[in-house]
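Chain residues, written in single-letter form:
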Amino acid sequence: MPDVEIDGVPGWRPARVSEVEQWRADLPGRGAGGGRPSAAEREYLRAAQSRGLNRDEARRVTDAVEEERPEMSRPEIYAWLLAMWRED
């Protein structure tokens, strides 16, 4: 629930922004039946596949990072992993 709503536009306290970003990142995408990955996740999954990881393995990697770094949102995790892989 938003902390404030102005002219129908929700707003959140700065301390809750990461919570909202995580919630939005976990929403299913549009399409038949939902569940389409976000653009950030699709980019991450393509990069993971090029490194030999299947979709389940790639998601286990992000789950592990999320456990170790709970302050990071999923899009931040995808960006962080992509940046690490680019450095290799």
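Right above here is the structure, for reference.
Residues numbered from 1 in each chain as written. Predicted model: local features only at pLDDT ≥ 70, side-chain atom pairs only at ≥ 80, totals over all residues. Heavy atoms only, no water.

> Can you break down the packing of aromatic side chains residue by residue, with the values?
Throughout the structure, instances matching the rule amount to two aromatic pairs. Each ring, one from tyrosine 44 and one from tyrosine 78, has its centre 5.2 Å from the other, and the planes form 25°; the classification is stacked. Remark: tyrosine 78 occurs in helix α4 (residues 74-87) and tyrosine 44 occurs in helix α2 (residues 39-50); sequence separation between them is 34 residues. Tyrosine 44 gets classed as buried once you look at its relative accessible area, which sits at 0%. Seen in terms of ring centroids, tyrosine 44 and tryptophan 85 are 5.5 Å apart; in terms of plane orientation they differ by 20°. Their pairing is stacked. With tyrosine 44 in helix α2 and tryptophan 85 in helix α4, the pair connects residues that are 41 residues apart, well separated along the chain. By the ring-pair criterion, three or more aromatic residues cluster together here, those being Tyr44, Tyr78 and Trp85. (Phe/Tyr/Trp six-rings, centres within 6.5 Å; stacked < 30°, edge-to-face > 60°. Helix = DSSP H or I, 4+ residues; strand = E, 2+ residues; numbered from the N terminus. Buried < 20%, exposed > 50% of the residue type's maximum accessible area, 1.4 Å probe, protein only.)

> Any chance you could break down the side chain of glutamine 22 for me, citing the residues and the numbers?
Residue position: glutamine 22 is located in helix α1 (residues 17-25). Not counting residues up to four positions away in its chain, the partners in contact with glutamine 22 are Glu66, Met72, Ser73 and Arg74. (Contact = heavy atoms within 4.5 Å.)

Everything listed here is a matter of geometry and, on its own, says nothing about what the molecule does.
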